Amino acid sequence: MTIATAGAKRRERIVSAWSFDVFDTFLLRACTTSDGVFERTYELSGISRTCPNVSKSFVQHRIQAEARARRTAKQKRGASEIHIGEIYSYFPFRLFGLARHHLSDLVESEFAAELELCRANPDMLRQYLDMKRAGHRVGFISDTYWDSGRLARLLRACRPGLDWDFLYASCDHGSGKSEALFAKYLSEQGIDASVSFHVGDNDNADIKGAKRHGIRPRYYPQATQQLASMFQRETAVFELLCEGAPSRLDHGARTLRRMVAARSAERSAAFHLGLMVHGPMLTAFDAFVARRCDEVSGPGRRVKVGFLGRDGFLSHRIWQNLHGMTSAYLEINRRVSLIASADTLQPLADLLANIVKIDAPIFADMTKTMTPRIARFFASSPDGIVTGKEIAEALPDLMDAGEIADLAAGLRARLIAYLRHVIPGFDDCTDLVLTDLGYAGSVQKAMRRVFDLEGIPIRLHGTYLMSLDDAFHDLPEGDSAVGLISDLVVTPHIKRMLVRNAPMLEQACCSPDGSVRDYDGDQVLREVNPRPASQIALAAEIQAGALAFAENADRVALEYGLRPYAVTEVAARWCMATVARLLLQPDENELALLGAFLHDMNLGTNTLVPMIDGRFIRRLITARGLSAACTLAGPPIWLGGSFSALSPSYGYFYLLFGANRLPADVFEDTPCGLVQIGLFRADGGATLETVTVHRTGLGELRLRVPISRDIGIAAVALPLPKFAPEGLLHDVTMQSGDDIRDAAESSDVVGIAAESLVYAGVQRNGAHYRTENDDACLLIPVVPMTHDIAIYSVAITPHGPSLK
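All values reported here derive from a predicted model rather than from experimental measurement.

Engineer: Where do I start with helix α17 (residues 346-353) in this structure?
Structural biologist: Residues three or four positions apart in an α-helix share a direction because the helix packs 3.6 residues into each turn. For α17, the complete set of buried residues consists of Pro347, Leu348, Ala349, Leu351 and Leu352. Residues of α17 that are buried in the fold lie against α16 (334-340), β10 (357-359), α18 (360-367), α20 (388-398) and α21 (401-422).

Right under this line is the structure:
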């Protein structure tokens, strides 16, 4: 009986509480990172007007001032907790045209920025109110330089009428959560730690700090490690490619992505990629298309919107989900539109010139013709296959204008009949918004010619995710073309780097069906989709993630008070950063996920080419240098992915090159010495030749050895002790051509198999080697030559002294 009475009294004394961290837990900010508050302070304070374009300097000085204030407080008081006024006391006022008496103005500007950017986290608010209704004491414990009075104002500004049982600001108590603030809270409030909880985002202060005092922690991370890494790379890309633009004030776009991710169930890696990358990108694009439709509309105008297949497939699905059935999915590609628009041979010749290789059956399927002249042309080529350039140059001798005119007229009639079927009210339409990923508007221009030839007065308005804006200088009056990521967002040089890598984006956004080749009434006649079924399934999973983001974005944005797409310029810059980060700085998980993708050329051929080939890029760097690899036109298709597959640092070099931040005199080859090499002929004779050794910006050594077929060289001997006694052998490559210049400029680089190399007097362990004596050498066998000249290139990273 006595025991029971004592237990009841003890239970009466138990006080249970739930404490919440404030910033990045109960309150979220509508900016990329917490120092977005400082960037907004720069704008609100008026310094942006008196000292324009120095927001980065302002933000960094604000961060440095806080660091100095904390160091000083630690030295003087033994604790690093400080008030906001102490921070600004270390700020360089004069640098920004201010005086010391402006300190309070800066404090007020920063607090105004907090009021503007902070939002109550609905998830935390629900939990807070639930705990309060359940009878627990609730309140806040924050490591902050805002005192409790300001903190209270901020909390109630974000949630009017909010009340609490306790509120602790670390600056008021001279101690943070990692130190004695939790102990003070428990003591003053009479809280029983064992039945109390603390919710926060900081592993050290909130989680470990609570545990040390017996409080049960609840971790609320801002983002997963993978997502945080993605965001960090996006910021780096943004600051490099959008120099001078505010890099932290995104109107809540990143916060929206974090919240959608937090509310989404764990799914596949492909789904997550679509959820966090393709979904945000295309949802921003969707808002841009909707705004463009509004701009095109007006009195007497009947506007229709059509999404061009195949690359506009995912954008169309998002539009359908968000806007209903107010659009058409138009299966029109470059090949069909160009042929349908032809009244001379030139459009067909232009189309063929872009095809890598083509055979007679495919040509016949494209043109619906196969005359004896054309058949003989293909039959005269090896295996009946010619390059697109060859057939384009021969076209005037193979077809006449009448044949192409008849071909075009028939296809044009079928195309118009198809449009009348898929676009309700087509004949009453005055303006057609053509929506696509981009880039130079070849389909839009061809459709303009088609409409003109058929006497159709519909105005065409290209609306693209990315636009090569100089391609639209000659649009006829009434037509228009705009890109969300235009040359006002990034420079034309950067834009071309993005477009060069855009096929990876296309693979995830396009239809699972084959490309259109013709029409039969309201039916689309398609080619067989040559992409592997596994790739199509992976793309579908990415699209499912993108659709999930789009379907949830508006609701979550409204709930959190975010407007990420309200200002087109801001949305465009962050959409660009999202796209560019994926295309130019993919992480290892994305490379593993997408590395096996193949690209179908989509020009009436069944050609599939690899998206990624890091080994080829390595060989090309060995043979021709970094700049040549960065400007490669042909496969691999995903150049940014190929560089990143080689190494993250090479991926970043490629990004720097595209941003025009890679000086040739730093990263290109520089002569650093001469060395004699041995050339051994097949007849047993040998000669010595002197070649130049080059050093790259990365410290590698390059040797390039030209060989003539007439001399009959069987092997090349490199005296390793003379220029690199120890090191890593990266590659031995071979190029060929009809003369030295052709061979040196050739991108057809062949790697010499490592097992065919002969090491004499050399210890080897994988790529690493060490010479054992001064006579050691590397013997490179010369493969049978198909051209007059071959150039053998060797890339070595020396260890220790080199070039004796």
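Engineer: Could you clarify how one ought to interpret the packing of aromatic side chains in this entry?
Structural biologist: The geometry of an aromatic ring pair is captured by two quantities: the separation of the ring centres and the angle between the planes. Counted under the stated rule, the structure contains 30 aromatic pairs. Considering the side-chain rings of Phe166 and Tyr168, the 6.4 Å spacing of their centres and the 50° angle between planes classify their relative orientation as tilted. Residue Tyr168 is classed as buried on the basis of its relative accessible area, which comes to 3%. A network of ring pairs unites the aromatic residues Tyr42, Phe58, Tyr88, Phe91, Phe93 and Phe96 as a single cluster. Over the face of the ring belonging to Tyr88 we find Arg62, whose NZ or CZ atom lies 5.6 Å from the ring centre. Lys445 extends its terminal NZ or CZ atom over the ring of Phe472, reaching a point 5.5 Å from the ring centre.

Engineer: Would you mind going over the sheet that holds strand β14 (residues 480-485) with me for this structure?
Structural biologist: In a beta sheet, neighbouring strands are held together by backbone hydrogen bonds and run either parallel or antiparallel to one another. An order of β9-β8-β12-β13-β14 is seen for the five strands of this open sheet, with the pairing classed as parallel. Pairing within the sheet leaves two strands with one partner each, and these edge strands are β9 (328-331) and β14. In this sheet, neighbouring strand axes are inclined to one another by 25° on average, regardless of whether the strands run parallel or antiparallel. With four bridges connecting them, strand β8 (residues 303-309) and β9 associate as parallel partners. Pairing of Phe307 across the sheet is with Tyr329, part of β9. Those strands touched by helix α26 (residues 568-584) are β13 (459-466) and β14, and its axis lies near 65° from that of β14.

Engineer: Explain unusual backbone geometry to me, please; I cannot follow it from the model alone.
Structural biologist: Trans peptide bonds make up the majority, and among non-glycine residues the majority have a negative phi. That bond from Gly309 to Arg310 is cis: its omega, 15°, falls within 30 degrees of zero. Mapped onto the fold, Arg310 is located in the loop between β8 and α15 (313-323). Positive phi outside glycine occurs at Asp383, with the angle close to 60°. Tracing the chain through its elements places Asp383 in the loop between α19 (372-379) and β11 (385-387). Here the phi dihedral of Asn660 falls at roughly 60°; this positive angle occurs in a residue that is not glycine. Relative accessible area serves as the criterion here: at 60%, Asn660 is assigned to the exposed category.

Engineer: Could you clarify how one ought to interpret helix α11 (residues 203-212) in this entry?
Structural biologist: Every buried residue of α11 is listed here: Ala205, Asp206, Ile207, Gly209 and Ala210. Buried residues along α11 sit in contact with α10 (181-189), β6 (197-200) and β7 (216-219). You can read the cap of α11 off the contacts: a side-chain oxygen lies 2.9 Å from the backbone nitrogen of Asn204, and it is on Asn202. Phi for Gly214, located one or two positions after α11, is positive at around 80°.

Engineer: Looking at this model, I keep getting lost on empty space enclosed by the protein. Mind explaining?
Structural biologist: Any space left empty among the atoms is revealed by the rolling of a water-sized probe across them. A complete count under the given rule lists five cavities of 30 Å³ or more for this structure. A volume near 150 Å³ is recorded for the largest cavity. Surrounding the largest cavity, 15 residues form its lining, Ala253, Pro280, Trp574, Cys575 and Thr578 being those nearest its centre. When contributions to the lining of the largest cavity are tallied by element, the ones reaching two or more residues are α13 (253-263), α14 (269-296) and α26. The leading source of residues in the lining of the largest cavity is α26, at four residues. Residue classes in the lining of the largest cavity are distributed as ten nonpolar, one polar and four charged. Of the volumes computed, that of the second largest cavity is approximately 80 Å³. In terms of lining, the second largest cavity is formed by Ile621, Gly625, Leu626, Tyr650, Phe667, Asp669, Thr696, Leu698, Glu700 and Arg702. Here the lining of the second largest cavity is built from residues that sort into five nonpolar, two polar and three charged.

Engineer: For this particular structure, what's the right way to read the side chain of Thr144?
Structural biologist: For Thr144, the position within the fold is in the loop between β4 (137-142) and α8 (148-158). Discounting chain neighbours no more than four positions away, the residues touching Thr144 are Phe23, Glu81, Ile82, Leu151, Ala169, Ser170 and Cys171.

Engineer: I would appreciate a short explanation of the layout of surface pockets in the present structure.
Structural biologist: Here the second largest pocket defines a volume of roughly 970 Å³. Asp24, Arg29, Ser34, Asp201 and Gln222 are the residues nearest the centre of the second largest pocket, which is lined by 41 residues in total. Contributing elements (two or more residues each) for the lining of the second largest pocket: β2 (27-29), α2 (36-44), α4 (55-77), α11, α12 (225-241) and α13. Among the elements that line the lining of the second largest pocket, the one with the most residues is α12, at five residues. When the residues that make up the lining of the second largest pocket are grouped by side-chain class, the tally is twelve nonpolar, 13 polar and 16 charged.

So, how was this worked out
Along each chain, residue indices are assigned from 1 in the same order as the chain's sequence is written. With pLDDT at 70 or above as the cut-off, local features in this predicted model cover only qualifying residues; side-chain atom pairs require 80 or more to be listed or tallied, and sums for whole chains, interfaces and linings still use all residues. Side-chain figures throughout are based on the complete set of non-hydrogen atoms in the structure, without hydrogens or water. A simple rule labels every residue: compare its accessible area, found with a 1.4 Å probe on the protein chains alone, to the largest value its type can have, and call it buried under 20%, exposed over 50%, or partly exposed in between. Under the scheme used here, helices are H or I runs from DSSP no shorter than 4 residues and strands are E runs no shorter than 2 residues, and both carry numbers assigned from the N terminus. The contact criterion used throughout is that any non-hydrogen atoms of two residues lie within 4.5 Å. Aromatic contacts are taken between Phe, Tyr and Trp rings whose centres are within 6.5 Å, Trp giving its six-membered ring; a plane angle under 30 degrees counts as stacked, one over 60 as edge-to-face, and the others as tilted. Two conditions define a charge located above a ring, namely a distance within 6 Å from the ring centre to NZ of Lys or CZ of Arg, and an angle within 35 degrees of the ring normal. We treat two strands as partners when DSSP finds at least two bridges between them. Where helices are involved, their axes are fitted lines through C-alpha atoms of the stretch in contact, as for all axes, and angles between N-to-C directions lie from 0 to 180°. Whenever a nitrogen or oxygen atom comes within 3.5 Å of another N or O atom, the pair is scored as a polar contact, on the condition that within protein one atom can donate a hydrogen and the other can accept it, and that pairs from neighbouring residues in sequence are kept only if both atoms are in side chains. A cavity, in this analysis, means grid points on a 1 Å lattice covering only the protein atoms where a 1.4 Å probe fits yet has no way out; a pocket is instead an open set bounded by protein on both sides within 12 Å along at least five of seven lines, and a residue lines either one if it has an atom within 4 Å of a point. Grid points are joined across faces, edges and corners, and a volume is the space filled by probe spheres set on the points. In this classification, Asp, Glu, Lys and Arg are treated as charged, Ala, Val, Leu, Ile, Met, Phe, Trp, Tyr, Cys and Pro as nonpolar, and every other residue, Gly included, as polar.

None of the figures reported here should be taken as evidence of function without further support.
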